[in-house]
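Remarks on the overall topology
Here is how the chains run, residue by residue.
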Amino acid sequence: MSSPILELRDVDVFYGPIQALKKVSLKIHAGETVSLIGANGAGKSTLLMSIFGQPRVTSGQIIYEGEDISRRSPHYIASNGIAQSPEGRRVFPDMSVEENLLMGTIPVGMEHADKDMERMFQLFPRLKERRNQRAMTMSGGEQQMLAIARALMSRPKILLLDEPSLGLAPIVVKQIFQTLRDLASEGMTLFLVEQNANHALKLSDRSYVMVTGEIRMTGTGQELLEDPQVRAAYLGGH
Ligand code: ATP
């Protein structure tokens with residue numbers, strides 16, 4: 001297989017005396033959909049945020065396209081092709097849908113903004129209907145769509161998603177995951193952090209299971225869906 005587009009090698013992260021990530025290693029290849037599942041507080045968000053340099057890794061490396069980016073600025077990382085749709089959506093509440101999308105172009109400039117915005121409206125027709133609406137007045141699902149679309153406006157090579165299903169109704173979760181599936185089938189590389197193991201594993205080519213800051217298990221989405229331990233711990237034993 002080709003070399004990974006993104007790789008974590010033996011990454012440790014501390015918050016003061018607390019070790020949140022313990023020798024975490026994982027690989028994502030171009031075109032793959034990879035997920036990280038785990039319970040509340042396992043360290044999933046920390047891992048995703050550490051890719052953007054906040055928090056800084058205490059030791060280990062984050063290799064993106066062959067370069068260690070663990071000491072690089074978030075702007076450098078974003079302008080070189082990594083985008084993030086953060087947990088809790090964090091859209092700009094007072095800005096309209098269009099304005100939020102334009103903010104997504106900051107790492108790369110406005111050159112393709114109009115065309116890319118039309119593309120986002122194809123991907124998320126709901127956002128088109130609401131293009132002039134302020135983000136704070138939109139539903140949770142619409143804000144999640146906006147957060148993903150805004151991340152895509154920087155034309156990333158890899159999209160990191162922190163819990164896109166969080167707090168959303170099942171029907172909305174289904175729509176969001178269908179869109180992620182469409183993006184993946186067009187060749188987008190996705191790295192997804194999720195507590196919703198069922199959806200995440202069904203979407204993923206490969207997945208990692210994190211327990212208290214450590215990677216405990218890895219396999220294809222299908223293998224983990226069928227694994228008795230994973231089923232008992234993350235799929236409600238079904
Ligand atoms: P959740 O799904 O609940 O967001 P998570 O798997 O994303 O959980 P993290 O948010 O990465 O987990 O948290 C991992 C551990 O690090 C937890 O014990 C948490 O309390 C701790 N932690 C997270 N952020 C900080 C911080 N800024 N300062 C101190 N400890 C933190």
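Since this is a predicted model, take the numbers as computed values, not measurements.

Quick notes on the site of the ligand
Neighbouring the ligand are 13 residues; Gly41, Gly43, Lys44, Ser45 and Thr46 lie closest to it. Between the ligand and Tyr15 there is a distance of 3.5 Å, counted from a nitrogen atom to a side-chain nitrogen or oxygen. When isolated, the ligand has an accessible area of 620 Å², and the protein chains bury 60% of it. Per-element accounting of the shell around the ligand gives the leading share, 3 residues, to helix α1 (residues 44–51). Here the residues of the shell around the ligand are counted per class, giving 4 nonpolar, 6 polar and 3 charged.

What to know about the pairing of strand β7 (residues 158–162)
For β7, the buried fraction is high: 5 of the 5 residues fall into the buried class. Going residue by residue along β7, you find Ile158, Leu160 and Asp162 tucked away on one face and Leu159 and Leu161 tucked away on the opposite face as well. Both strand β6 (residues 82–85) and β7 contribute to a ladder of 4 bridges, which runs parallel. Pairing of Ala83 across the sheet is with Leu159, part of β7. The sheet contact formed by β7 and strand β8 (residues 189–194) spans 5 bridges and is parallel. Bridging from a neighbouring strand, Ile158 pairs with Thr189 of β8.

What counts, and at which threshold
- For every chain, the first residue of its written sequence is number 1, and the numbers climb from 1 along that sequence.
- Local features in this predicted model are restricted to residues whose pLDDT is 70 or higher, and side-chain atom pairs enter the listing and the counts only when it is 80 or higher, whereas totals over whole chains, interfaces and linings include all residues.
- Heavy atoms throughout the structure, all of them, feed into the side-chain values; hydrogens and water do not.
- A molecule or strand has a residue near it when one of that residue's heavy atoms lies within 4 Å.
- Polar contacts, as used here, are pairs of N or O atoms within 3.5 Å; protein pairs need one atom able to donate a hydrogen and one able to accept it. Residues neighboring in sequence count only if both atoms are side-chain atoms.
- The protein chains shown are the only cover counted for residues, whose accessible areas, like all others here, come from Shrake-Rupley with a 1.4 Å probe.
- Helix numbering and strand numbering both begin at the N terminus, where a helix is a DSSP run of H or I of at least 4 residues and a strand a DSSP run of E of at least 2.
- By the convention adopted, Pro, Cys, Tyr, Trp, Phe, Met, Ile, Leu, Val and Ala count as nonpolar, Lys, Arg, Asp and Glu as charged, and the other residues, Gly among them, as polar.
- Each residue gets one of three labels from its accessible area relative to the maximum for its type: buried under 20%, exposed over 50%, partly exposed in between, using a 1.4 Å probe on protein chains only.
- Two strands pair under a simple rule: DSSP has to find at least two bridges between them.

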